[in-house]
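Observations on the model geometry
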Amino acid sequence: QQQVKQSPQSLIVQKGGISIINCAYENTAFDYFPWYQQFPGKGPALLIAIRPDVSEKKEGRFTISFNKSAKQFSLHIMDSQPGDSATYFCAASMGSNYQLIWGAGTKLIIKP
Amino acid sequence: ETGVTQTPRHLVMGMTNKKSLKCEQHLGHNAMYWYKQSAKKPLELMFVYNFKEQTENNSVPSRFSPECPNSSHLFLHLHTLQPEDSALYLCASSQGDLGAEAFFGQGTRLTVV
């Protein structure tokens, strides 16, 4: 019940296309859902995060869609660029006093 | 130096060696973490320190020994490791609690031979 399941494991998208990464969870007590981006040779960095009181959050080309009833959330990257090629991790926690539970990561490659 | 700095970046050690990983954060955060990152697996939280006190130890084998002398420095002492301990070890810090935004270092790529 503490797991966060992330898919796909890897994804190849043409430049200018839409990249979609999905995550699913079981624990309904989770109330904070961040996405982290990791480039080769670097540590993960927070990209965007959402709380369950909203169904969507957009920051530039990056959008989180949240479906509370389905217990799913997804990251959409619009107009994907080669510089977006990285590994993306979703995570969830039950609030600021609890540790983040991480997905296994998605390696995204944007083809020029 | 800014952010979270880890040294060394790469480490190869034999199973009988003793080595230490170092992490330093320049962000004024109160919490520091050690994570293990293995290929195609979720990040594994190993240890948490909050204001120099260890608050989490996620059933990590005793061959990994953390040390936090102050809120800016974190060490991970390694001894008699196994080949399956080979991984990227990430240090992170945050201001506040466990679920707050974590700032990661670049990691130490550890290979146990």
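Refer to the structure above for everything that follows.
Looking at the overall build of chain B
- The helix and strand tally for chain B stands at 0 helices and 11 strands.
- Counted from the first residue to the last, chain B has its helices and strands arranged as β-β-β-β-β-β-β-β-β-β-β.
- The C-alpha radius of gyration computed for chain B amounts to 13 Å, which stays within 12% of the reference 13 Å derived for 113 residues, consistent with globular compactness.
- On the principal axes, the C-alpha backbone points of chain B span a range of 35 × 30 × 30 Å.
- Classification of the 113 residues of chain B by burial places 48% in the buried group.
- Across chain B, the fraction of contacts at a sequence separation of at least 24, relative to all contacts at a separation of at least 6, is 53%.
- A total accessible area of about 5,300 Å² is found for chain B, and carbon and sulfur atoms account for 49% of it.
- Charged side chains of chain B number 10 positive and 10 negative; the gap between the two group centres comes to 10 Å.

Quick look at the sheet that holds strand E3 (residues 18-25) of chain B
All names here are of chain B.
- Strand order in this open sheet of 4 strands is E1-E3-E8-E7, and the pairing throughout is antiparallel. Edge positions in the sheet fall to strand E1 (4-7) and strand E7 (64-70), since each has one partner strand and no second. Averaged over all neighbouring strand pairs, the angle between strand axes comes to 20 degrees, with direction disregarded.
- Relative to strand E8 (residues 73-79), E7 runs antiparallel, the two sharing 5 bridges. Opposite Ser65, over in E8, you have His77 as the bridge partner.

Structural notes on the interface of chain A and chain B
- Each side of the interface is counted separately: chain A has 20 residues, and chain B has 20 residues.
- Buried surface at the junction of chain A and chain B, summed over both partners, amounts to about 1,600 Å²; 52% is from carbon and sulfur atoms.
- There are 0 salt bridges connecting chain A and chain B.
- At the junction of chain A with chain B, the criterion picks out 5 residue pairs in polar contact (both at pLDDT 80 or more).

Remarks on the layout of surface pockets
- The volume enclosed by the largest pocket comes to roughly 640 Å³.
- Looking at the largest pocket, it is lined by 28 residues, and the ones nearest its centre are Gln38(A), Thr87(A), Phe89(A), Gln37(B) and Ala39(B).
- Within the residue set of the lining of the largest pocket, elements represented by two or more residues are strand E9 (86-92) and strand E11 (106-111) of chain A.
- Of all the elements, E11(A) adds the most residues to the lining of the largest pocket, at 4 residues.
- Looking at the lining of the largest pocket residue by residue, the class counts come to 9 nonpolar, 13 polar and 6 charged.

Observations regarding the pattern of salt bridges
Residue and element names in this part refer to chain A.
- Here the structure, examined in full by the defined rule, presents 4 salt bridges over all chains.
- A salt bridge links Glu59 to Lys57; the shortest N-O distance between them is 3.8 Å.
- The residue Asp84 makes a salt bridge to Arg61 at a minimum N-O spacing of 2.8 Å. With a gap of 23 residues between them, Asp84 in the loop between strand E8 (72-77) and E9 and Arg61 in the loop between strand E6 (56-59) and strand E7 (62-67) connect regions that are remote in the sequence.
- With a relative accessible area of 27%, Arg61 lands in the partly exposed category.

Basis of the calculations
- Residues numbered from 1 in each chain as written.
- Chains lettered and ligands numbered in written order.
- Predicted model: local features only at pLDDT ≥ 70, side-chain atom pairs only at ≥ 80, totals over all residues.
- Heavy atoms only, no water.
- Helix = DSSP H or I, 4+ residues; strand = E, 2+ residues; numbered from the N terminus.
- Rg over C-alpha atoms; globule rule 2.2 N^0.38 Å.
- Buried < 20%, exposed > 50% of the residue type's maximum accessible area, 1.4 Å probe, protein only.
- Contact = heavy atoms within 4.5 Å.
- Areas by Shrake-Rupley, 256 points an atom, 1.4 Å probe, with all protein chains shown as cover.
- Lys, Arg positive; Asp, Glu negative; His and termini not counted.
- Charge placed at Lys NZ, Arg CZ, Asp CG, Glu CD.
- Pairing = 2+ DSSP bridges.
- Axes fitted to C-alpha atoms, helices over the stretch in contact; angles between N-to-C directions.
- Buried area = accessible area lost by both parts, 1.4 Å probe.
- Salt bridge = Lys/Arg side-chain N within 4 Å of Asp/Glu carboxyl O.
- Polar contact = N/O pair within 3.5 Å; in protein donor to acceptor, adjacent residues only side chain to side chain.
- 1 Å grid on protein atoms, 1.4 Å probe; cavity = no way out; pocket = protein on both sides within 12 Å on 5 of 7 lines; lining within 4 Å.
- Points joined across faces, edges and corners; volume = space filled by probe spheres on them.
- Nonpolar A, V, L, I, M, F, W, Y, C, P; charged D, E, K, R; others polar.

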